[in-house]
Each structure stands twice: as structure tokens, then as C-alpha cells.
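Understanding the architecture of this molecule
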Amino acid sequence: YEKDGPILTITFNRPKALNALSPDVVAEFARCVTQAEEDDEVRVVLITGAGKAFIAGADISVMQHFGPLQAKWAASQGQAALFQLEKMPKPVIAVVNGFALGGGCELAMACDFVYASEKARFGQPEINLGIIPGFGGTQRLPRLVGKGRAKELSMTGDMISAAEAMRIGLVNKVFPPDQLMDEAKKAALKIASKGRVALREIKQLIDLGPEIDLKSAMLMEANAFGVCFGSEDAVHGLKAFLAKEKPEFTGKLK
């Protein structure tokens, strides 16, 4: 959990285990998300992994001892953590440096968008273990890439390259490994300079809008548009534009 000005970087740091997700790691991650959400200094969150993996999936050494009820609890715990991440009002960028498999791919999909290394690999290989994705893979993946591609990835268990992941809409941008974090921080700083209220409303509208009918979604947008005008950011932004100056956004309400 490392802060650098308005940017927070959360790093999964179990490189020998390829950053595998055990229940303890998931619980610790959820605490980090809560801390990030409550920290007013944090404007944008980056999530990455140490070593050659982003997150290579669940911790099989722990999971092999699960019975049905333990497995259901672990899946529910993971889903709750990713819902918490997804609903956090601050922008979150997955910085995928290596393997993003199983729970790693699912965590990346719960972020607002994904930047990946050319060496990154994505997949839902649970089928190879005789099980299915449990942290939202069967639900978020088809919403991002379509039913056909989601079924193919989940039923074959194949890994795909970062370039292929970008082609099908799972990844936003791909960079050389030595440029990945610098590019992610550059984007994070750019986003952090924007109006906080507007960022929050955009995230919520794009996440919730596709789940409801268009007319209701448009009404939700109009309401959020009005909310923005209750912020100091809108006052400063509009005045700065007319004065041909660069706005300084505070994120405060009037």
C-alpha cells in the first residue's frame, strides 16, 4: 500500500506463489480497498503484482482442502471484495505486469480499465481443474467481450496474449514491460487532475447504465449532470475555460 501524492499503488506481493489469492490475501486486499476509499488524499488507485505475475489465480494449496461450503464461502468472499473494488467511487487501473489468470483476470475485470505489459497473459483456466470461475468470471467476462468469446475462454481454459486481450476488449492498452508502470502513473496523474465529483458520476453512470433501460439511464445521467453543478469543480472549470486558464479542481461541494 504505497502512496505517491494523489496516486495509490496496491501491490500483491507473493512473488514465489505468483501472487496467488488465498482467503487471507483476499481479506487483506479488501482492507486496503476500504482504506483507499476512506483516504481523501487518494484520487486514483493502481493495482499490480510483484515479480512475473499480476495474480496467477487462487491458492491451490489452500483450495484443495475445501469442501462445498468452504468453496462457496471463499467465492462469496472474493466476489464481495471485487464488488467493493468495483463500487469504489475513485478510478482504479489494473496494471497487469504478468500472468492474470483465474482470480487475477477476474480482479482486473473489476477495475475501471486495464493497462498490460506485452508479456502479460490472461485466462480463466479453472475448467482445467474441474471447477469454474468463482470471483465473477462467468458474469463480467461476457459483459466485456461477448458471450461467445467468454464461453470459449472459460470452456477451453486457454491463455491469451495481451495483444489478443486488447483486441477482444479485455485490455485497454499494451506497453513494453519497462514502460508499463510509468505509462499507468502518467494516466493516473492525468485522471487525478480532473474533477472528483465528475469522475465519480462518470464511473457510476457507465457501470450502472447498461444494467437498466435506456430511458431510465438517461434520466440518471441528467440527475448526475445536475449534481456536478453543485460542486466547486464545475464553478472553477467553467470560469477557467472562459478565462482560458487551467482549472484547479478540489472535489468539494458548494
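Residues numbered from 1 in each chain as written. Predicted model: local features only at pLDDT ≥ 70, side-chain atom pairs only at ≥ 80, totals over all residues. Heavy atoms only, no water.

1. Observations regarding the sheet that holds strand 9 (residues 160–161)
Rules: Two strands are said to pair when DSSP picks up at least two bridges between them. Only DSSP runs of H or I covering at least 4 residues are called helices, and only runs of E covering at least 2 are called strands; the numbering of each starts at the N terminus.
The mixed open sheet is built from four strands, whose spatial order is 4-6-8-9. Strand pairing shows two members of the sheet lacking a second neighbour, strand 4 (53–55) and strand 9, which therefore form its edges. The sheet contact formed by strand 4 and strand 6 (residues 99–101) spans two bridges and is parallel. Bridge pairing in strand 6 places Ala53 opposite Phe99.

2. Details of the nonpolar core
Quick note on the threshold: Put simply, a nonpolar core is a bunch of buried Ala, Val, Leu, Ile, Met, Phe, Trp, Tyr and Cys residues held in one set by side-chain atoms that sit within 4.5 Å of each other. Burial classification: accessible surface area is computed with a 1.4 Å probe over protein chains only, and a residue below 20% of its type maximum counts as buried, one above 50% as exposed, and the rest as partly exposed. Contacts between residues were defined by any pair of non-hydrogen atoms, one from each residue, lying within 4.5 Å.
Grouped together as the largest cluster of nonpolar side chains are 45 residues, with contacts concentrated most on Phe29, Ile47, Leu85, Val96, Leu107 and Phe122. A per-element tally of this core places helix 1 (residues 23–38) first, with seven residues. Filtering out sequence-adjacent residues up to four positions away, Leu107 remains in contact with Phe12, Phe29, Ile47, Phe54, Ile55, Leu82 and Leu85. Core analysis: the second largest hydrophobic core is formed by 14 residues, Val95, Leu180, Ala188 and Ile191 among them.

3. A word on a nonpolar patch on the surface
Quick reminder of the rule: Residues qualify for a patch when their relative accessible area is over 30% and they have no salt bridge, like charges being joined within 9 Å and the nonpolar side chains of Val, Leu, Ile, Met, Phe, Trp and Tyr within 5 Å. Per-residue and other accessible areas follow the Shrake-Rupley method at a 1.4 Å probe size, with only the shown protein chains counted as cover for residues. Take a side-chain nitrogen of Lys or Arg and a carboxyl oxygen of Asp or Glu: if they are within 4 Å of each other, that pair is a salt bridge.
The grouping of Ile60, Leu129 and Ile131 at the surface amounts to a nonpolar patch, some 250 Å² of accessible area in total. By the secondary structure assignment, Ile131 is in the loop between strand 8 (121–123) and helix 5 (137–145).

4. As for helix 10 (residues 214–228)
Rule in force here: For a helix, the expected span equals 1.5 Å multiplied by the residue count minus one. Arc, as used here, means the arc of the directions from the helix axis to the C-beta atoms. Within 3.5 Å is the distance limit for a polar contact, defined as a pair of N or O atoms, with the added protein rule that one can donate a hydrogen and the other accept it, and that residues adjacent in sequence qualify only through two side-chain atoms.
Taking 1.5 Å per residue as the helical rise, helix 10 with its 15 residues ought to reach 21 Å, and the 21 Å between its terminal C-alpha atoms agrees with that figure. Every buried residue belonging to helix 10 is among Ala217, Ala224 and Cys228, and all of these are buried. With its buried residues spanning 50 degrees around the axis, helix 10 presents them on a single face. Seen from the buried face of helix 10, the exposed residues on the opposite side, beyond 90 degrees, are Lys215 and Leu219. The inward-facing, buried residues of helix 10 contact helix 9 (196–208) and helix 11 (232–242). The N-cap of helix 10, judged by a side-chain oxygen 3.3 Å from the amide nitrogen of Lys215 a few residues on, is Asp213.

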